[in-house]
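A look at the structure
Next come the chains, spelled out residue by residue.
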Amino acid sequence: MSTLQTVSVVDALSDTLRARVLDGHLQPGASLVEADVAAEFGVSRPTARAAITFLVHEGLLRHQAHKSAHVPVLSRADVEDLFLVRIPLELGIVGAVVAQGPPPMDAERAVDALAAVPSGAPHSVFVEADLDFHRALVRAVDSPRLSRLYAALSGEIHLSMVQSRYVLGRDRIAREHREVFQALEAGDAALAEERMRAHLEGAREALASRLDGGASAVEAS
């Protein structure tokens, strides 16, 4: 098998394992044993190891010496730490987008797509649509370093949303995204940052509360 084919198999296996984690098929705390993954998918153990390692780097799995990789059980402290980085980062992104001119069309499309997600769609589908808006703003800044930094956080952001499940309502999330976009469209940096801060701080508190077992059962991202 050529190197290109090997990379392709690793990518495909990583995608499959990622979907299992983000769709909740692999529950928090579940282990991924290299030999079991290799046997289930009919791949070599080095291929299984490479796919698992890729997800560890994304923050979707954790791995300790002499133990199998596992899906992390996120806590309030994890969420607080994640948003400690995420909030100032995304406020900076909003300011940079306004400074560059009109917001990108793919951000508007992401806002429309989020509002159009059917009520019965799987939670992971809504979460992915939610993140598409934030990623569109990152792309608009056109900074390779920013893109790498946000990509490094994206796995844990997605995982925190999947594990919390019932926090802010879907309608509220869609409305807040549209309000941020409207402020960007108006070129009002202060208002855009205010709305983004309120959006992220609300998400942080609801996610942390849910992971502590204290949130109300209102579905959201």
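Residues numbered from 1 in each chain as written. Predicted model: local features only at pLDDT ≥ 70, side-chain atom pairs only at ≥ 80, totals over all residues. Heavy atoms only, no water.

1. Brief notes about the pattern of salt bridges
Scanning all chains against the criterion turns up 17 salt bridges. Between Glu156 and Arg62 there is a salt bridge, with the nearest N and O atoms lying 4.0 Å from each other. Within this pair, whereas Glu156 is found in helix H7 (residues 144-164), its partner Arg62 is found in the loop between helix H3 (45-58) and strand E2 (69-70), the two being separated by 94 residues in sequence. Taking relative accessible area as the criterion, Glu156 reaches 28% and is therefore assigned partly exposed. On the accessibility criterion, Arg62 (30% relative accessible area) is partly exposed. Of the charged contacts, one joins Glu205 and Arg204 as a salt bridge, the two residues approaching to 3.0 Å between their closest N and O atoms. Relative accessible area serves as the criterion here: at 37%, Glu205 is assigned to the partly exposed category. (Salt bridge = Lys/Arg side-chain N within 4 Å of Asp/Glu carboxyl O. Helix = DSSP H or I, 4+ residues; strand = E, 2+ residues; numbered from the N terminus. Buried < 20%, exposed > 50% of the residue type's maximum accessible area, 1.4 Å probe, protein only.)

2. Points about the side chain of Arg18
Mapping Arg18 onto the fold places it in helix H1 (residues 3-22). The class for Arg18 is buried, based on a relative accessible area of 18%. Ignoring any residue separated from it by four or fewer positions in sequence, one finds Arg18 in contact with Phe54, Leu55, Glu58 and Leu60. (Contact = heavy atoms within 4.5 Å.)

3. Considering the packing of helix H6 (residues 123-141) against helix H8 (residues 170-185)
In a packed pair of helices, the relevant descriptors are the angle between the two axes and the axis-to-axis distance. Here H6 crosses H8 at 10°, and the two axes come no closer than 12 Å. With respect to their mutual orientation, H6 and H8 come out roughly parallel. Between H6 and H8 the crossing geometry is left-handed. Along the contact surface, H6 presents His123, Phe126, Asp130, Phe133, His134 and Leu137, while H8 presents Arg170, Ile173, His177, Val180, Phe181 and Leu184. Across the contact of H6 with H8, the residue classes break down as seven nonpolar, three polar and two charged. (Axes fitted to C-alpha atoms, helices over the stretch in contact; angles between N-to-C directions. Parallel < 35°, antiparallel > 145°, perpendicular 65-115°, else oblique. Left-handed = near helix turned anticlockwise from the far one by under 90°. Nonpolar A, V, L, I, M, F, W, Y, C, P; charged D, E, K, R; others polar.)

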